[in-house]
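Notes for the structure review
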Amino acid sequence: MRIAVLNGPNLNLLGIREPEIYGTVTLAEIEARLEEVGAELGVTLLFSQFNDEGRMLDAIHNCRGVVAGALVNAGAWTHTSLALRDAFTGVKLPYVEVHLSNIYAREPERRHSWLAPGALGIVAGFGAEGYELALRGLVRALSAAEGAA
Ligand code: DQA
């Protein structure tokens, strides 16, 4: 099973960006840890990060027929972009939404997610470890769906 791990704007800055909120773990370190978990679960991970929303939309479209599901941290686009949710829906790609911080405990403008209504699940507030939790949840849900089919 292949899974896409999609990160949105400014997440390339993890490690130096507002460490009191996002921690000191870099995106490369998160991806390295996910590789270990992926190996344990027997899934192949495809990583990408975007600072351009159009490119992220194209990447979601290109997931069609290539991956079984996605983990997505859309960063600030979470709070602004219905287009991202439409892209996932448009290619029927199941996804789990991830945030390092608990967006529902932050500033009012971060307390709404356009992705949440279409997500299989959401993991927020557990820092870098949230990606691992989200991957385990996504693979379990996809495997259960596969078994039921
Ligand atoms: C974030 C939360 C967003 O509000 C913010 O814009 C980010 C990171 C998180 O992982 O906590 O870029 O998605």
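Residues numbered from 1 in each chain as written. Predicted model: local features only at pLDDT ≥ 70, side-chain atom pairs only at ≥ 80, totals over all residues. Heavy atoms only, no water.

**Overview of the site of the ligand**
Put simply, the rule reads: Any residue with a non-hydrogen atom lying within 4 Å of a molecule or strand is treated as near it. Identification of polar contacts relies on pairs of N or O atoms within 3.5 Å, with a donor-acceptor requirement for protein atoms, meaning one able to donate a hydrogen and the other able to accept it, and with residues adjacent in sequence counted only if both atoms are side-chain atoms. We call Asp, Glu, Lys and Arg charged. Ala, Val, Leu, Ile, Met, Phe, Trp, Tyr, Cys and Pro are nonpolar, and the rest, Gly among them, are polar.
The environment of the ligand is made up of Arg17, Tyr22, Asn73, Gly75, Ala76, His79, His99, Leu100, Ser101, Ile103, Arg106 and Arg110. With respect to the ligand, the side chain of Arg17 contributes an N or O atom lying 3.0 Å from an oxygen atom. Taking Ser101, its side chain carries an N or O atom lying 2.6 Å from an oxygen atom of the ligand. When its residues are assigned to classes, the shell around the ligand shows four nonpolar, five polar and three charged.

**Notes on the environment of Gly137**
Selection rule: A run of H or I in DSSP counts as a helix once it spans at least four residues, and a run of E counts as a strand once it spans at least two, with each numbered from the N terminus. Only protein chains enter the accessibility calculation, which uses a 1.4 Å probe; a residue is then buried when its area is under 20% of its type maximum, exposed when over 50%, and partly exposed in between.
Relative to the assigned elements, Gly137 resides in helix α5 (residues 129-148). Assessed through its relative accessible area of 39%, Gly137 is described here as partly exposed. In this structure, the C-alpha to C-alpha distance between Gly137 and Leu6, residues 131 residues apart in sequence, is 16 Å.

**Focus: the environment of Thr26**
Basically, it comes down to this: Residue contacts are counted whenever heavy atoms from the two residues lie within 4.5 Å of one another.
In this fold, Thr26 is placed in the loop between α1 (19-22) and α2 (27-41). Classification of Thr26 as partly exposed rests on a relative accessible area of 27%. Each C-alpha atom of the pair Thr26 and Leu13 lies 7.4 Å from the other, and the pair is 13 residues apart in sequence. Those residues in contact with Thr26 that sit more than four places away from it in its chain are Leu14 and Gly15.

**Considering the packing of α2 against α5**
Using the following cut-off: For helices, the axis comes from a line fit to the C-alpha atoms of the stretch in contact; other axes are also lines fit to C-alpha atoms, and the angle between any two N-to-C directions lies between 0 and 180 degrees. For this classification, under 35 degrees means roughly parallel, over 145 means roughly antiparallel, 65 to 115 means roughly perpendicular, and everything else is oblique. The sense of a crossing depends on the near helix, which, turned anticlockwise from the far helix by less than a right angle, makes the crossing left-handed and, turned clockwise, makes it right-handed.
For the pair α2 and α5, interaxial distance at closest approach is 10 Å and the crossing angle is 30°. Judged by the angle between their axes, α2 and α5 are roughly parallel. For the element pair α2 and α5, the recorded crossing hand is right-handed. Contact residues: Ile30, Arg33, Leu34, Val37, Gly38, Glu40 and Leu41 in α2; Tyr131, Glu132, Leu135, Arg136 and Val139 in α5. Among the residues forming the contact of α2 with α5, the class breakdown is seven nonpolar, one polar and four charged.

**Side note on α5**
Turn by turn, an α-helix covers 3.6 residues, leaving residues three or four places apart pointing in a common direction. The cut-off we apply is this: Here the expected length of a helix is defined as 1.5 Å per residue gap, with one fewer gap than residues.
Compared with an ideal rise of 1.5 Å per residue, which puts 20 residues at 28 Å, α5 spans 29 Å between its outermost C-alpha atoms and is within 8% of the ideal. Of all the residues in α5, the buried ones are Gly130, Tyr131, Glu132, Ala134, Leu135, Leu138, Val139 and Leu142.

**As for the packing of helix α3 (residues 53-62) against helix α4 (residues 82-90)**
The packing of two helices is summarised by the inter-axis angle and the distance between the axes. Two elements in contact, α3 and α4, have axes whose closest approach is 9 Å; the angle formed by their N-to-C orientations is 15°. When the interaxial angle is binned, α3 and α4 end up roughly parallel. For the pair α3 and α4, the sense of crossing is right-handed. Here Glu53, Met56, Leu57, Ile60 and His61 of α3 come into contact with α4, specifically with Ala83, Leu84, Ala87 and Phe88. Considered class by class, the residues forming the contact of α3 with α4 number seven nonpolar, one polar and one charged.

**Re the side chain of Glu97**
With respect to the helices and strands, Glu97 occurs in strand β4 (residues 95-99). Separated by 3.1 Å, the side chain of Glu97 and the backbone nitrogen of Ala116 make a polar contact. Those residues within four positions of Glu97 in sequence are excluded, and the remaining contacts are Val72, Thr78, Ile103, Ser113, Leu115, Ala116, Ala119, Gly121, Ile122 and Val123.

**Some remarks on unusual backbone geometry**
Positive phi, close to 35°, is recorded for Glu18, a residue that is not glycine. Among the residues examined, Glu18 registers a relative accessible area of 35% and is labelled partly exposed. The phi torsion at Lys92 lies on the positive side, around 55°, for a residue other than glycine. Topologically, Lys92 is positioned in the loop between α4 and β4.

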